[in-house]
Amino acid sequence: STMLGVVAGMFGSLFDPRLVVVSGAISEGAAEVVAAARLALPGELDLPAPELVASNLGGDVVCIGAIAAALEVARSGVLDLAEGLRRAG
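The present account deals with the structure reproduced in this document.

**A short note on the overall build of the protein chain**
Thinking step 1. Broken down by element type, the protein chain carries three helices and two strands.
Thinking step 2. Counted from the first residue to the last, the protein chain has its helices and strands arranged as α-β-α-β-α.
Thinking step 3. Counting over 89 residues, the protein chain shows a buried share of 19%.
Thinking step 4. A fraction of 78% describes how many contacts in the protein chain between residues 6 or more apart in sequence connect residues 24 or more apart.
Thinking step 5. In the structure as shown, the protein chain presents an accessible area of about 6,500 Å², 63% of it carried by carbon and sulfur atoms.

Below you can see the structure in the form of structure tokens.
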């Protein structure tokens, strides 16, 4: 839990976010860990501490997001591929 506070503090120092969300499979049982990390967070930062929360989207959210991002990239590049084939042929 202190390590989560240290890591969130590091991200807070680098990016100055307003919110840090713990997501994926670990978020489902992380309420106590997140609460303890919230207490450790202000000592890790020179900036105002971001809000630290656990996601309620479920354990598969990271995989679903990765697949959605990959599909978006693949779909956006389809026309580029078709254009390249037309020029080559």
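**Here's the deal with the environment of Ser 23**
Thinking step 1. Within the secondary structure, Ser 23 is located in the loop between β1 (19-22) and α2 (31-40).
Thinking step 2. Between the C-alpha atom of Ser 23 and that of Ser 55, which follows or precedes it by 32 residues, the distance is 5.0 Å.
Thinking step 3. Residues contacting Ser 23, with those up to four places away along its chain left out, are Ser 55, Val 61 and Val 62.

**A short note on a nonpolar patch on the surface**
Thinking step 1. Together, Met 3, Val 6, Val 7, Met 10, Phe 11, Leu 14 and Phe 15 give the surface a local cluster of nonpolar side chains, amounting to about 700 Å² of exposed area.
Thinking step 2. With respect to the helices and strands, the residue Leu 14 is situated in helix α1 (residues 2-15).

**Regarding the pairing of β1**
Thinking step 1. Only one face of β1 is buried, namely the one carrying Val 20 and Val 22, since none of Leu 19 and Val 21 on the opposite face is buried.
Thinking step 2. Two elements, β1 and strand β2 (residues 51-54), share four bridges in a ladder whose sense is parallel. When the bridges of β2 are listed, Leu 19 appears paired with Glu 51.

**Quick look at α2**
Thinking step 1. Looking at α2, one finds that the buried residues are Val 34, Ala 37 and Ala 40. Viewed end-on, α2 has its buried residues packed into an arc of 115 degrees, placing them on one side of the element. Away from its buried face, by an angle of more than 90 degrees, α2 presents the exposed residues Ala 31, Glu 32 and Leu 39.
Thinking step 2. In the core, the buried residues of α2 are packed alongside α1, β1 and β2.

**Some thoughts on the side chain of Ser 55**
Thinking step 1. If you trace the backbone, Ser 55 turns up in the loop between β2 and α3 (61-88).
Thinking step 2. Here Ser 55 falls in the buried class, since its relative accessible area comes to 13%.
Thinking step 3. One polar contact links the side chain of Ser 55 to the main-chain amide nitrogen of Leu 57, over a distance of 3.1 Å.
Thinking step 4. Beyond its immediate sequence surroundings of up to four residues, Ser 55 is in contact with Val 21, Val 22, Ser 23 and Ser 27.

Calculation rules
- Residues numbered from 1 in each chain as written.
- Predicted model: local features only at pLDDT ≥ 70, side-chain atom pairs only at ≥ 80, totals over all residues.
- Heavy atoms only, no water.
- Helix = DSSP H or I, 4+ residues; strand = E, 2+ residues; numbered from the N terminus.
- Buried < 20%, exposed > 50% of the residue type's maximum accessible area, 1.4 Å probe, protein only.
- Contact = heavy atoms within 4.5 Å.
- Areas by Shrake-Rupley, 256 points an atom, 1.4 Å probe, with all protein chains shown as cover.
- Patch = residues over 30% accessible without salt bridge, like charges linked within 9 Å, V, L, I, M, F, W, Y side chains within 5 Å.
- Salt bridge = Lys/Arg side-chain N within 4 Å of Asp/Glu carboxyl O.
- Pairing = 2+ DSSP bridges.
- Arc of directions from axis to C-beta.
- Polar contact = N/O pair within 3.5 Å; in protein donor to acceptor, adjacent residues only side chain to side chain.

That's the geometry; what it means functionally is another story.
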